[in-house]
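# Geometric and topological summary
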There are 2 protein chains.
Amino acid sequence: MRLSRYFLPVLKEDPKEAQIVSHRLMLRAGMIKQQAAGIYSWLPLGQKVLRRIEQIVHEEQQRAGHIPVLMPTLQSADLWRESGRYDAYGAELLRITDRHERDMLYGPTNEEMITDIFRSHVNSYKDLPLTLYHIQWKFRDELRPRFGVMRGREFLMKDGYNFDLTREDALHAYNRHLVTYLRSYERMGLQAIPMRADSGPIGGDDTHEFLVLAETGESEVFYDSEITGLKFGDREIDYDSVEQCQAVLEEFTSRYARTDETHDEAVFNEIPEDRRRSARGIEVGQIFYFGTKYSEPMGATVVGPDAQRVPVHMGSHGIGVSRLAGAIIEASHDDKGIIWPEGVTPFHVGIVNLKQGDASVDSACEALYRDLTAKGFDVLYDDRDERAGAKFATMDLIGLPWRLTVGPRGLQANKIELTSRRSGESEELSPADAVAKLEKIYQPVFDAAK
Amino acid sequence: MRLSRYFLPVLKEDPKEAQIVSHRLMLRAGMIKQQAAGIYSWLPLGQKVLRRIEQIVHEEQQRAGHIPVLMPTLQSADLWRESGRYDAYGAELLRITDRHERDMLYGPTNEEMITDIFRSHVNSYKDLPLTLYHIQWKFRDELRPRFGVMRGREFLMKDGYNFDLTREDALHAYNRHLVTYLRSYERMGLQAIPMRADSGPIGGDDTHEFLVLAETGESEVFYDSEITGLKFGDREIDYDSVEQCQAVLEEFTSRYARTDETHDEAVFNEIPEDRRRSARGIEVGQIFYFGTKYSEPMGATVVGPDAQRVPVHMGSHGIGVSRLAGAIIEASHDDKGIIWPEGVTPFHVGIVNLKQGDASVDSACEALYRDLTAKGFDVLYDDRDERAGAKFATMDLIGLPWRLTVGPRGLQANKIELTSRRSGESEELSPADAVAKLEKIYQPVFDAAK
């Protein structure tokens, strides 16, 4: 993309309505625009980040055999009356009346609807296990929406639902989801720690929240410092293997890590003192096993191997897709702006032309742009007639992890500059070597998508 | 995807609620499930088709330099009061009150919001031309929703908006959109004819609807038969060229083609009698030029080259993404089921194993599945322990354009069968030759995505 043809409305001033850094930087970098309290438009740069996050979530869910569907945003109130949640859910549920005076609602979650789909179409235990998921907009009418997309009212979420014959099978689905979540967050450059949590209005006993440590987090968290050394990495896993998935659960959840809702001072104090940590965290996902809580009242049963009808065991599993855009910034920024991890950056690399209009600089930039694009990179080429300082400030603000700077002096020696946004370090390289280096840097990102 | 692990709830019986063939086939093929009047869940097969259509639309819009954003589904009523449409829009506008008693609405279209984004961030004619688009769910509270996704209440639409300094520039944007639409529909295997139309509640004088001819179409259309011979094909075009885009508009709109709303019997009768046609059509898109209808009341102005502020010239351009899934089926099916065009088929090819459990047949199928998947094909492998007849019936119903049939007898001579869903013709080939033939068949589809 040539910046001269893009729509990147960066702001010079800090917007006064933003209380936390991610909200401030998303507004300043022209990623979002507020349209109503807690409701945002995603401008081009924001839309690209959202799609990258969404794509990672899709890939990791499908890698585990989970099947995408797409449920609507509006639901019939009758479905929620069946589970008892229509009245129980409280003022955060946006209730709507249509022109025929039918009660509807804007779904904040989809347990009822997915259970309805299941009971309408599945009859036999032979069709299990089954996990369906979707990525769709949801609405929660927060009393005080704030912190930008971190606590918005209309938000994009991946919610997945497993249907299993037994409690054991459903717990395997739970563990499988834990693995997919660890992989997803790591691909986004995040460390999200599974912590024992409270189940809230979804219900159920087994639940873990995934928290990203950040000063601005809304939850207080307590953990054993050993947990921050864990990494899923690029290990291979067989998602059908109960043992392998169980082992990952044990590895990542056997050390103390809890939110304030489930924190137990006595247990915490059993950890050696130098490993006890308390901090703040941002919730970016949650997994639940809730057994037959929905299948029983809603009649989602299958005929088992013994020809008896039994309600299925279920769980639900959510990742906050739009919230993650903010959470990643909270975890990765500096005074100058955002620092995108390579896995979610809107553009892989920026090209800064130091002397727009100089024939040799222009043609070197064009050649780089063409070459990188042909190799599958998403490139932002700042081809505006602007001062170098302004171009650097924009690139720093929007946080592309790598920048190529092309100027007349360097070109005389066939050199351009490759700069890391994170370290600030620059290297002088020939254009060909710079491209080769970028290919090497991004190889793991491109490989992870396979 | 192995069918044994997929969720494909096909129905044996014709559902009684479906009045038209696409609705019936989408229900029977397990593509959708109704959740409320005019509101559908997209089951896995439907979700895949929806994503293919969406992807084609994204690619063709971006090829023309149009920039994706993502606006929310809910909007503030105040924005619509500025344009005067909050009261004017009528009962199809779903009005919502939030917990703070603020008036909201579920957007049926986004002229106001995109104009608000524009006026907040763009100040100078130097930032024009600009075209922003998004693909997002919309809601129209139809009095009598019917025909499945063809006339639903919650529907997925691409809507794009151009901002230009002059009427001439905006008409170029109009022509550019016409080109992108012709390309998009052709990639979906559709012939959609641009017809002079009525502007309705969007407003403006210049507007064309794109109609797919089909017996079940809701509009009566009148056209010169020469128009059905036109094809955009794979010609190259420079979207910046006013002349080239104008020439395409002239080529595709100079012959008589109108919906009943704008039909003029006298003009129609000037066409030679043997070329006069009347038929029914399904509307799958519409483009509008409406000048300053929104920019003026909403204050979307730029400073022009002469330092004067002027309201921008705008147009809006919509493609009915979810509706297209139905329209394509209306245009392409037979007694046995759907016949997907290669560009939008949920799976490129199906593999039918005639003797599940036979070691040599199983291993030949597995090898084909692996090989095709590695080459980028999306494959549905029917690995269930079912009769051949049932497997064929399912493949015919869900309409994959190509089927590979693998059985013990053929394999003895190293032959499998490649069958075209459209013609019903089969060919005996070695597995390697079958794969090579599929690569050749799909080359144009894969190339078009570049």
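Quantities reported herein were computed from a predicted structural model and do not represent experimental measurements. (Residues numbered from 1 in each chain as written. Chains lettered and ligands numbered in written order. Predicted model: local features only at pLDDT ≥ 70, side-chain atom pairs only at ≥ 80, totals over all residues. Heavy atoms only, no water.)

## What to know about the packing of aromatic side chains
The final tally for this structure, using the stated rule, is 29 aromatic pairs over all chains. Between Tyr6 of chain A and Phe347 of chain A, the ring centres sit 5.5 Å apart and the planes meet at 80°, which makes this aromatic pair edge-to-face. Of this pair, Tyr6 of chain A sits in the segment before helix H1 (21-28) while Phe347 of chain A sits in the loop between strand E18 (337-338) and strand E19 (349-353), and the two are 341 residues apart along the sequence. Both residues of the pair, Tyr6 of chain A and Phe347 of chain A, count as buried. Relative to Phe268 of chain A, the ring of Phe222 of chain A lies with its centre 5.7 Å away and its plane at 75°, an arrangement referred to as edge-to-face. Taken together, the positions of Phe222 of chain A in strand E11 (residues 219-224) and Phe268 of chain A in helix H8 (residues 265-268) put the pair 46 residues apart, joining distant regions of the chain. A single burial state applies to Phe222 of chain A and to Phe268 of chain A, both of which are buried. Three or more aromatic residues joined by ring pairs make a cluster, and in this case those are Tyr106 and Phe139 of chain A together with Tyr106 and Phe139 of chain B. (Phe/Tyr/Trp six-rings, centres within 6.5 Å; stacked < 30°, edge-to-face > 60°. Helix = DSSP H or I, 4+ residues; strand = E, 2+ residues; numbered from the N terminus. Buried < 20%, exposed > 50% of the residue type's maximum accessible area, 1.4 Å probe, protein only.)

## Side note on the side chain of Gln35 of chain B
With respect to the helices, strands and loops of the structure, Gln35 of chain B is situated in strand E1 (residues 32-36). Reaching out from Gln35 of chain B, the side chain makes a polar contact with the side chain of Asp116 of chain A at a distance of 3.2 Å. (Polar contact = N/O pair within 3.5 Å; in protein donor to acceptor, adjacent residues only side chain to side chain.)

## A closer look at unusual backbone geometry
Residue and element names in this part refer to chain A. The peptide bond linking Leu128 to Pro129 adopts the cis configuration, its omega dihedral lying at -5°. Residue Asn414 is not a glycine yet carries a positive backbone phi of 60°. Secondary-structure assignment places Asn414 in the loop between helix H13 (408-412) and strand E22 (416-420).

## Regarding the side chain of His177 of chain B
Residues and elements named next belong to chain B. By the secondary structure assignment, His177 is in helix H6 (residues 167-187). Here His177 falls in the buried class, since its relative accessible area comes to 0%. Excluding residues that lie within four positions of it along the chain, His177 makes contacts with Gln61, His66, Thr131, Lys158, Ile287 and His317. (Contact = heavy atoms within 4.5 Å.)

## Some details on the pattern of salt bridges
Inspection of the entire model under this criterion finds 66 salt bridges over all chains. The salt bridge partner of Lys48 of chain B is Asp378 of chain B, with a shortest N-O separation of 2.7 Å. Highlighted residues: Lys48 of chain B in helix H2 (residues 44-63) and Asp378 of chain B in the loop between helix H11 (359-374) and strand E20 (379-382), separated in sequence by 330 residues. When the shortest N-O distance is used, the salt bridge between Arg119 of chain B and Glu82 of chain B registers 2.8 Å. You can see Arg119 of chain B sitting in helix H5 (residues 111-121) and its partner Glu82 of chain B sitting in helix H3 (residues 77-83), a full 37 residues away along the chain. For Glu82 of chain B, a relative accessible area of 36% translates into the label partly exposed. Residues joined by salt bridges that share partners form a network here, namely Glu59, Glu60, Arg63, Arg183 and Arg187 of chain A. (Salt bridge = Lys/Arg side-chain N within 4 Å of Asp/Glu carboxyl O.)

## Description of the sheet that holds strand E6 (residues 103-106) of chain A
All names here are of chain A. Read from one edge to the other, the open sheet built from three strands follows the order E4-E6-E5, with strand pairing classed as antiparallel. Only two strands of the sheet have a single neighbouring strand rather than two, namely strand E4 (74-76) and strand E5 (94-97). Across the sheet, the mean angle separating the axes of adjacent strands is 40° when strand polarity is ignored. With four bridges connecting them, E5 and E6 associate as antiparallel partners. Opposite Leu94, over in E6, you have Tyr106 as the bridge partner. (Pairing = 2+ DSSP bridges. Axes fitted to C-alpha atoms, helices over the stretch in contact; angles between N-to-C directions.)

Interpretation note: all reported values are geometric properties and have no functional meaning in isolation.
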